[in-house]
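Structural overview
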Amino acid sequence: MEVFWHDACLEHDPGSGLWELPGEWDCLDVPEPHPESAARLRTFRHALRHGPVARHLTWSPGRFAGDDELARVHTPEYLEHLRDACRRRTNVEVNTVVGPGSWDAVRAAAGTALAAYEAVAEGRARLAYALVRPPGHHAQPGLADGYCLVNNAALVAETARRAGRRVAVLDWDVHHGNGTQEVFRDTPDVLTVSVHMRHGPWGANHAQTGGPEESGPGNVNVELSLGAGDHAYRRAFEEVALPAVTEFGADLLVCASGFDGSAFDPNGRHNLTAAGYRWIGGAVAGLGLPAVLTQEGGYLRGYAALCLHALVEGLLGLELLDDPLAYVPDDTQLVDADLARARSALTGWAFARAVTGDPSARDRA
Ligand SMILES: [Zn+2]
């Protein structure tokens, strides 16, 4: 597997404050670093370079994206506004902060995701991981949202679509991939699938619900209840997400790969373990499609790095690293209702009609 990297991704500095909220807070003696920090990406890189999976990976340099490339998924007005905002430290949305290094980081993250796509498109790699930040999957054509400025996964998908590929985007960040859904809302020849926790809309820049009412021929949302863990994700993938990708007939997969569904993540209320991410990696590889993965969330950086390592193991059919923290209980009680709800909106999909929501029937099958 080829991993793509650009040092400029480290130049984006959201500063510190009360967790994700910038500024001075009287209650804090020492402000906390913003969770979406350069230290996070450095830790991810270190895990892949020094963990046991390292010898299975090769590394390639990323590049900067050009303005014309960013404009494939964002409006010129938004890009101008963002470039201007990055000249000084300011927040472009309640918890989304930019500063002088951010524009280069944005262009590096987007360009490095495109470099990963180019390696796959040209047959130099079957699996390519763009280890980038800032993340992108909440960014919409004209809006920043949730630490995201430019939608790297959507940019890869749109670039591939224009090259004649049939693209599915599969998003397992714990938050809904609302930005990607929005970019392709009127583009039914790109499928967007998001498996996430039930969190609903938030703030002025996040109107999407992430619920099944937004599902349709080109978008599949699977909301899982709080507490969902390895078991629930496995069923969500096996019973909805993977059959949707297969029925759609994708010839290229773009994965928005987040680790904030881990049991220890401060920004999520799900309970995935490293073993769960290893299983997801194996399931993605099992689709047999060329795939470009872009780094999204994951904020307890040590455990998220371990989850990234495990995901990569799964992608490569390996099992290498023990998980010293895999002791959190997993919710298995709500998944039947969650999946029945997700499928109820998928009236145009054959796989959803074929599956019954009755678990006893499934066990008999
Ligand atoms: Zn997230």
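Residues numbered from 1 in each chain as written. Predicted model: local features only at pLDDT ≥ 70, side-chain atom pairs only at ≥ 80, totals over all residues.

1. Side note on the overall build of the protein chain
When helices and strands are tallied, the protein chain shows twelve helices and 13 strands. Counting across all 365 residues of the protein chain, residues that qualify as buried make up 55%. Taking the contacts inside the protein chain whose residues are at least 6 apart along the sequence as the reference set, 75% of them involve residues at least 24 apart. (Helix = DSSP H or I, 4+ residues; strand = E, 2+ residues; numbered from the N terminus. Buried ≥ 20, exposed ≤ 12 C-beta atoms within 10 Å, placed from the backbone. Contact = placed C-beta atoms within 7 Å.)

2. Focus: the nonpolar core
Counting residues in hydrophobic clusters, the biggest one holds 115 residues, and the most contacted among them are A116, V169, A241 and L253. Sorting elements by how many residues they give to this core places helix 4 (residues 102-121) first, with 13 residues. Look past the residues within four positions of V169 in its chain and what remains in contact with it is A153, A157, T180, V190, L191, T192, V193, V254 and A256. (Core = buried A, V, L, I, M, F, W, Y, C linked by C-beta atoms within 7 Å.)

3. Some points on the pairing of strand 11 (residues 219-224)
Most of strand 11 sits inside the fold, with six of its six residues counted as buried. In strand 11, alternate side chains face the same way, and those of N219, N221 and E223 on one face and V220, V222 and L224 on the other are all buried. As paired strands, strand 10 (residues 190-197) and strand 11 are joined by six bridges and run parallel to one another. Bridging across to strand 11, T192 finds its partner in N219. (Pairing = 2+ DSSP bridges.)

4. Here we look at the packing of helix 7 (residues 230-248) against helix 8 (residues 274-286)
Viewed as axis vectors pointing N to C, helix 7 and helix 8 meet at an angle of 15°, and their least axial separation amounts to 9 Å. When the axes of helix 7 and helix 8 are compared, the pair comes out roughly parallel. With respect to the hand of their crossing, helix 7 and helix 8 are arranged in right-handed fashion. Across the interface between the two elements, D230, Y233, R234, F237 and L242 of helix 7 pack against A275, G276, W279, I280 and A283 of helix 8. Classifying every residue of the contact of helix 7 with helix 8 gives seven nonpolar, one polar and two charged. (Axes fitted to C-alpha atoms, helices over the stretch in contact; angles between N-to-C directions. Parallel < 35°, antiparallel > 145°, perpendicular 65-115°, else oblique. Left-handed = near helix turned anticlockwise from the far one by under 90°. Nonpolar A, V, L, I, M, F, W, Y, C, P; charged D, E, K, R; others polar.)

5. Some remarks on the sheet that holds strand 4 (residues 32-33)
Read across the open sheet, the three strands follow the order 3-2-4; overall the sheet is antiparallel. For this open sheet the edge positions go to strand 3 (21-22) and strand 4, each flanked by a neighbour on one side alone. As defined by bridge partners, strand 2 (residues 16-18) adjoins strand 3 across two bridges and the pair is classed as antiparallel. Its bridge partner lying in strand 3, G17 is registered against P22.

6. Here we look at the packing of helix 1 (residues 38-50) against helix 9 (residues 301-315)
For the pair helix 1 and helix 9, interaxial distance at closest approach is 9 Å and the crossing angle is 40°. Taken together, helix 1 and helix 9 sit at an angle that is classed as oblique. The chirality of how helix 1 crosses helix 9 is right-handed. Packed against helix 1, whose contacting residues are A39, R40, T43, F44, A47 and L48, the element helix 9 presents R301, G302, A305, L306, L308, H309 and V312 at the interface. Along the lines of polarity and charge, the residues of the contact of helix 1 with helix 9 split into eight nonpolar, three polar and two charged.

7. Re the sheet that holds strand 5 (residues 58-61)
Across the sheet, eight strands lie side by side as 5-1-8-13-12-9-10-11; this open sheet has parallel pairing. In this open sheet, the two strands that pair with only one neighbour each are strand 5 and strand 11. Adjacent strand axes in the sheet meet at a mean angle of 20°, parallel and antiparallel pairs treated alike. Pairing of strand 9 (residues 167-171) with strand 10 involves five bridges; the strand directions are parallel. Note on strand 10: the bridge partner recorded for V167 is V190. Docked against the sheet, helix 4 engages strand 1 (2-5), strand 5, strand 8 (127-130) and strand 13 (291-295), running at close to 175° with respect to strand 8.

8. Describing the UniProt feature "domain: Histone deacetylase" (unreviewed entry) in the protein chain
Within the UniProt annotation, "domain: Histone deacetylase" (unreviewed entry) is assigned to residues 34-314. Across residues 34-314, the secondary structure splits into 39% helix and 16% strand, with the terminal C-alpha atoms separated by 30 Å. (UniProt positions renumbered as here; feature names shortened; annotations may be inferred.)

9. Re the pairing of strand 10
Sheet faces and side chains relate simply in a regular strand, where the side chains alternate between the two faces. For strand 10, the tally of buried residues reaches eight of eight residues, placing the bulk of the element in the interior. Handedness of the strand 9-helix 6 (residues 178-183)-strand 10 crossover: right-handed. (Right-handed = clockwise from strand over helix to strand, strands pointing away.)

10. What to know about helix 9
For helix 9, which comprises 15 residues, the first-to-last C-alpha distance of 21 Å matches the rise-based estimate of 21 Å (1.5 Å per residue) to within 8%. With 14 of its 15 residues buried, helix 9 lies for the most part within the structure. Phi turns positive, to about 70°, at G317, one or two residues after helix 9. (Expected span 1.5 Å × (residues − 1).)

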